[in-house]
Every structure is written in C-alpha cells, then in structure tokens.
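# Fold and geometry: a report
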Amino acid sequence: MPVQKELKEKLQKLALKYETPDFTLSDPSQFLRFYPLSQKTEVECAAFIASMLSFGNRNQFIPKIQKILQYAADFSPSSQTPLSTWLLAGTPNFPRGPQKFYRFYSFDDLRIFFNEISTILYNHNSLGDYFKSIYEGKDFPSLQSPKDFSATPSSGDTPQRPDTVLSESLEVCPPHSSKNSTEVCPLHLDKIISQTFPKSTIVPKGKNSANKRIHMFLRWMVRQNSPVDLGIWSWYPQSQLIIPLDVHVMQESIKLGLLPEKSKASYKTALELTNQLSEIFPGDPCRGDYALFGYGVDKS
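Residues numbered from 1 in each chain as written. Predicted model: local features only at pLDDT ≥ 70, side-chain atom pairs only at ≥ 80, totals over all residues. Heavy atoms only, no water.

### A look at the overall build of the protein chain
Rule in force here: We count a stretch as a helix when DSSP gives it H or I for four or more residues in a row; a strand needs E for two or more, and each element gets its number in order from the N terminus. For every residue, the accessible area (1.4 Å probe, protein chains only) is compared with the maximum for its type, and the residue is labelled buried under 20%, exposed over 50%, or partly exposed between those bounds. In what follows, residue pairs with any heavy atoms lying within 4.5 Å of each other are defined as contacts.
Within the protein chain, the regular secondary structure consists of eleven helices and two strands. Beginning at the N terminus, the succession of helices and strands in the protein chain can be written as α-α-α-α-β-β-α-α-α-α-α-α-α. Here the protein chain holds 300 residues, and the buried ones make up 53% of them. Considering only contacts in the protein chain between residues 6 or more positions apart, those separated by 24 or more positions represent 66%.

Pasting the structure below:
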C-alpha cells in the first residue's frame, strides 16, 4: 500500500528533528564513541556488547554496559586496557557463576559471549573484517580458539567454531527487492551475526525473531552521514538494513497505519515495516527508526 504524502512529510520532519547528536545522550548509541573512531576494533566490540545488552529499562542496562567497559579498563593497573586486549586475555577479572548480571543473563552467560567474540578477534583483525569475509565469500571461515587464556574457561565456556553449527540456510532475499527480481539473494548480515554466536544465548537467534538488537547494531555500523550512526562498514549497503523493531517503533507504526493493527514483533513484521520506510526514505529505510522511536518516546 503506497504511503500517503502527508505521512511521508511528517516522518521526514520527525527524522530531521530526532536524528541529532543529542540523541546519544540517553541512548546506548553513546557507547559508539567510548573509544576513538581510529580504534576500529575497540569501537566495534564496544558497540556490539552495548547493543546485545540494550533491552529493558535504559536506567538499568546502560550502567551494566558501563560496568563491563570498566572491567576492561581496570584489567591493567598502569593504564586503561583496550577492550579487545581484555577479551583476548579471557576477561580474567570478570566474575564467574550463575548469579545474574543483568535480567536473565548470568555472569557465565556473559563469559560465553565474551569468549566467542575473542575467538573472532584471535583469527581476524576485527568483528567487521570477519563478518565482511562471510558476506562477500558466502561461507563461514574456520576459527581456532585462542591458545592461551589467562583464566581457564569454566565448563561450557570454550569458544566454538561457528562453521560447525549452521542449522539453516543463510540465503535470504533482500528485504526491498522486487518479487520478480532475478538477482541472486545475498547473505543478510543479521543472519550471519546470529549464527556466528552459536553458544551465546545473549545474541538473538531464530528465523522468526525480529532481531531488534542486531539490527540496531547494524544501523550503528552501516548508516552513512549520520550524527549518531558511524557508517564504518561501507562494504554493506545501508539500503538493505532492516528496522530495529523496538516497542515504540512498533506502536507508532500501527497508529500511523504503516503496520496492520494486530501485527506481532517478528522478522516478517520488521521486513514489512522496512519496505514501507524504504518508500519514505529511499535507500535509507532505517532513518525512519529515528522518526518513529523519537516520536514514540516523546509521547510516552
């Protein structure tokens, strides 16, 4: 269904209003610039960890993200330790155990997550380099686990090779392509990321999941010319990004008629909304995230 002109203009104005540097003040995107942009590996790791913990109450999860980055900084008493160095060292000063770190994720859950990140860093220069190699090569490279963690991982904590756990096809059609398109469907980056972390319960998985946190991370990494998003992954087209289906985004989309009233938070719904936003923001559908999210937060 074509989007009405009045609604297009309204959302374009809202995007202009909310996509500003001030957006980061109370948003998890503040962690995108925790490290200098020249330190690409650190920026990617901080952003990925921040995005995976960005659910629930901001006043609760933002301090938890800050705490993780402080664990890394405190690893070396003489100077602040880079996040990647801390991860590759096995996060030795991060507690172990089943006690909850945030919501339903325990300290052990976080350690598994950290160890799978460290496996990628051990074999590649950065997360982005690894994901790019899969996206362009359409295969999961073999990974070797780090040989010498400074702390022995607990049971079930050993990093795994993602190429051994592919349980579903990664061939998915681009969200905005024509039904009659004859082009070969590329690997969509959210599926690549999801299956790169087979043991990490913190990373969203499943064919029907809206994968909101992964899509938010991708928006951060891919979108160009933004005062918020970094756009450091120029190798992936921003036109293929999928909207992070936040509760505010979902509610406002239904109220504005962009989604049917009884829509559920699913991958299919995220694609449906992204297609609508592609008509409003050609080549940059995730700009609509600012319009819908900002508008929803202001009204709440």
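That shown, we press on.
### Observations regarding the packing of aromatic side chains
Selection criterion: Only Phe, Tyr and Trp rings take part, Trp by its six-membered ring, and two of them pair if their centres are within 6.5 Å. Stacked means planes under 30 degrees apart, edge-to-face means over 60, and tilted covers everything else. For a Lys NZ or an Arg CZ to count as sitting over a ring, it must be within 6 Å of the ring centre and within 35 degrees of the ring normal.
Across all of its chains, the model carries 26 aromatic pairs by this definition. Here the aromatic rings of Phe 23 and Phe 293 are separated by 6.1 Å at their centres, their planes lie at 65°, and the arrangement is edge-to-face. On the criterion of sequence distance, the pair formed by Phe 23 in the loop between α1 (5-18) and α2 (40-52) and Phe 293 in helix α11 (residues 288-299) is long-range, its members being 270 residues apart. Both residues of the pair, Phe 23 and Phe 293, count as buried. Residue placement shows Lys 191 over the ring face of Tyr 267; its charged tip is 4.1 Å from the ring centre.

### Some thoughts on the pattern of salt bridges
The criterion, for reference: A side-chain nitrogen of Lys or Arg and a carboxyl oxygen of Asp or Glu constitute a salt bridge if their distance falls within 4 Å.
Counting across every chain of the model gives eleven salt bridges. Close ionic contact of Glu 279 with Lys 8 constitutes a salt bridge, the shortest N to O distance being 3.7 Å. Of the two residues, Glu 279 sits in helix α10 (residues 267-280) while Lys 8 sits in helix α1, which places them 271 residues apart along the sequence. Its relative accessible area of 30% is what places Glu 279 among the partly exposed residues. Since its relative accessible area comes to 24%, Lys 8 is described here as partly exposed. We note a salt bridge from Arg 58 to Asp 27, for which the minimum N-O separation is 2.9 Å. Remark: Asp 27 occurs in the loop between α1 and α2 and Arg 58 occurs in helix α3 (residues 58-73); sequence separation between them is 31 residues. Judged by relative accessible area, Asp 27 falls into the buried class, the value being 4%.

### Side note on helix α8 (residues 212-222)
For α8, a buried count of ten out of eleven residues is recorded, marking the element as mostly surrounded by other parts of the structure. Of the residues making up α8, those classed as buried are Arg 213, Ile 214, His 215, Met 216, Phe 217, Leu 218, Arg 219, Trp 220, Met 221 and Val 222.

### What about the environment of Ser 126?
The test is simple: What qualifies as a polar contact is a pair of N or O atoms within 3.5 Å, subject to a donor-acceptor requirement within protein and to the restriction that residues adjacent in sequence count only when both atoms come from side chains.
Secondary-structure assignment places Ser 126 in the loop between α5 (107-123) and α6 (127-137). Judged by relative accessible area, which is 2%, Ser 126 ranks as buried. Distance from Ser 126 to Lys 40, taken between C-alpha atoms, is 7.6 Å for residues 86 residues apart in sequence. Contacts of Ser 126, omitting those with residues within four sequence positions, involve Lys 40, Thr 41, Glu 44, Ile 120 and Leu 121. A distance of 3.1 Å separates the side chain of Ser 126 from the side chain of Lys 40, its partner in a polar contact.

### Quick notes on the confidence of the model for the protein chain
Applicable threshold: A residue's pLDDT is the predictor's confidence in that residue, given on a scale from 0 to 100.
When pLDDT is averaged along the protein chain, the result is 84, and 81% of the positions lie at 70 or above. Residue range residues 148-175 is modelled with pLDDT below 50. Its contacts to residues more than four positions away, or to other chains, number 81 contacts. The low-confidence segment residues 177-185 (pLDDT under 50) makes seven contacts with residues lying over four places distant or belonging to another chain.

### Focus: α6
We count it as follows: What the arc measures is the spread of directions leading from the helix axis to the C-beta atoms.
Considered for burial, the residues of α6 that qualify are Leu 127, Gly 128, Tyr 130, Phe 131, Ile 134 and Tyr 135. When α6 is viewed along its axis, its buried side chains cluster within an angular range of 165° and face the same direction. Along its buried surface, α6 packs onto α2, α5 and α7 (189-196).

### A look at the nonpolar core
Quick reminder of the rule: Buried Ala, Val, Leu, Ile, Met, Phe, Trp, Tyr and Cys residues that are joined via side-chain atoms within 4.5 Å together make up what is termed a nonpolar core.
The biggest cluster of nonpolar side chains holds 59 residues, and the ones touching the most others in it are Phe 48, Leu 83, Phe 113, Ile 117, Phe 131 and Leu 189. Going through the elements one at a time, α2, α3, α4 (83-88), β1 (100-102), α5, α6, α7 and α8 are the ones with two or more residues in this core. Residues in contact with Phe 113, not counting those within four places in the same chain, are Phe 48, Ile 49, Met 52, Phe 197, Ser 200, Ile 202 and Val 203. Judged by nonpolar contacts, the second largest core, of 26 residues, contains Ile 242, Met 250, Leu 277 and Tyr 290.

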